[in-house]
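Summary of the model geometry
Next come the chains, spelled out residue by residue.
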Amino acid sequence: MDTITQISQLSFHHGLNSDKAFTIKLTSDKFDSVASSELLAKVESWVAANVMMSSKEVPVLVVDMENVEFIDSLGLQKLLASLRLMKSHNSNLVLCALQPSVRLVFEISRIDQVFGIFSSFDTCMNQFHTQKQPSEYLLAA
């Protein structure tokens, strides 16, 4: 099962140590050990390819979680590992469109304080395009 159905390049104005971002749209309604391990492997491969192909910085990743209704502890761990990997390359990973059940898990575990989380994909894009200093919306890990 492939949890990444769309990777599209988006142009950001300035900030975030990158002038480009990529989106990953998760298609499964469960973000469990299988789906989260697959996502982490793809993020690792994507980062390695970016580092090898250019000396430029790694673009920001936006993970669209609109379809995800369930997340377990391993899913949270893999998201954190993905965020740490992105931060280690002076980039970032932000989340958007969390369903109420998933958002509750983030709030209870206080992981919502670690990620930049946006209510929708459009809100995420609007924030990046209208803010003079978008890094204010991305919390340090």
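Residues numbered from 1 in each chain as written. Predicted model: local features only at pLDDT ≥ 70, side-chain atom pairs only at ≥ 80, totals over all residues. Heavy atoms only, no water.

For the coordinates displayed, the defined rule picks out zero disulfides. Cysteine 96 takes part in no disulfide bond, and the closest cysteine sulfur to it belongs to cysteine 124, at a distance of 5.4 Å. Among the residues examined, cysteine 96 registers a relative accessible area of 0% and is labelled buried. The class for cysteine 124 is buried, based on a relative accessible area of 0%. (Disulfide = S-S within 2.5 Å. Buried < 20%, exposed > 50% of the residue type's maximum accessible area, 1.4 Å probe, protein only.)

Take helix H1 (residues 33-53) next. End to end, H1 covers 30 Å across 21 residues, agreeing with the expected 30 Å (1.5 Å per residue, within 8%). Residues of H1 that are buried include every one of Ala35, Ser36, Glu38, Leu39, Leu40, Val43, Trp46, Val47 and Asn50, and no others. Elements that come into contact with the buried residues of H1 comprise strand E2 (20-25), strand E3 (30-31), strand E4 (60-64) and helix H2 (73-88). (Helix = DSSP H or I, 4+ residues; strand = E, 2+ residues; numbered from the N terminus. Expected span 1.5 Å × (residues − 1). Contact = heavy atoms within 4.5 Å.)

With that settled, consider the nonpolar core. Counting residues in hydrophobic clusters, the biggest one holds 27 residues, and the most contacted among them are Met65, Leu79, Leu95, Phe106 and Phe115. Contributions of two or more residues to this core are made by E2, H1, E4, H2, strand E6 (93-96) and helix H3 (100-108). It is H1 that provides the largest number of residues to this core, a total of five residues. Counting residues in each nonpolar core, the second largest holds six residues, with Val94, Phe118, Cys124 and Met125 among its members. (Core = buried A, V, L, I, M, F, W, Y, C linked by side-chain atoms within 4.5 Å.)

This paragraph deals with unusual backbone geometry. Excluding glycine, residues mostly carry a negative phi; peptide bonds, for their part, are mostly trans. Even without a glycine there, the phi angle at asparagine 90 is positive, about 55 degrees. Note that asparagine 90 resides in the loop between H2 and E6. Of note, the phi angle at arginine 110 is positive, near 65 degrees, even though the residue is not glycine. With respect to the helices and strands, the residue arginine 110 is situated in the loop between H3 and strand E7 (116-118). Using a relative accessible area of 59% as the deciding quantity, one classes arginine 110 as exposed.

Note that valine 60 resides in strand E4. For valine 60, a relative accessible area of 0% puts it in the buried group.

Counted according to the given criterion, the structure contains four salt bridges. In this structure, aspartate 64 and lysine 25 form a salt bridge, with 3.4 Å as the shortest nitrogen-oxygen distance. Here lysine 25 lies in strand E2 and aspartate 64 lies in strand E4, a separation of 39 residues in the sequence. One salt-bridge network, in which partners are shared between bridges, spans Lys25, Asp64 and Glu66. (Salt bridge = Lys/Arg side-chain N within 4 Å of Asp/Glu carboxyl O.)

A word on the pairing of E4. Looking down a regular strand, the side chains alternate between one sheet face and the other. Of all five residues in E4, five are buried, a share of seventy percent or more. In E4, alternate side chains face the same way, and those of Val60, Val62 and Asp64 on one face and Leu61 and Val63 on the other are all buried. Of the strand pairs in this sheet, E4 and E6 are connected by four bridges, and their pairing is parallel. Counterpart to valine 62 in the pairing with E6 is valine 94. (Pairing = 2+ DSSP bridges.)

Everything listed here is a matter of coordinates, which is why it stays silent on function.
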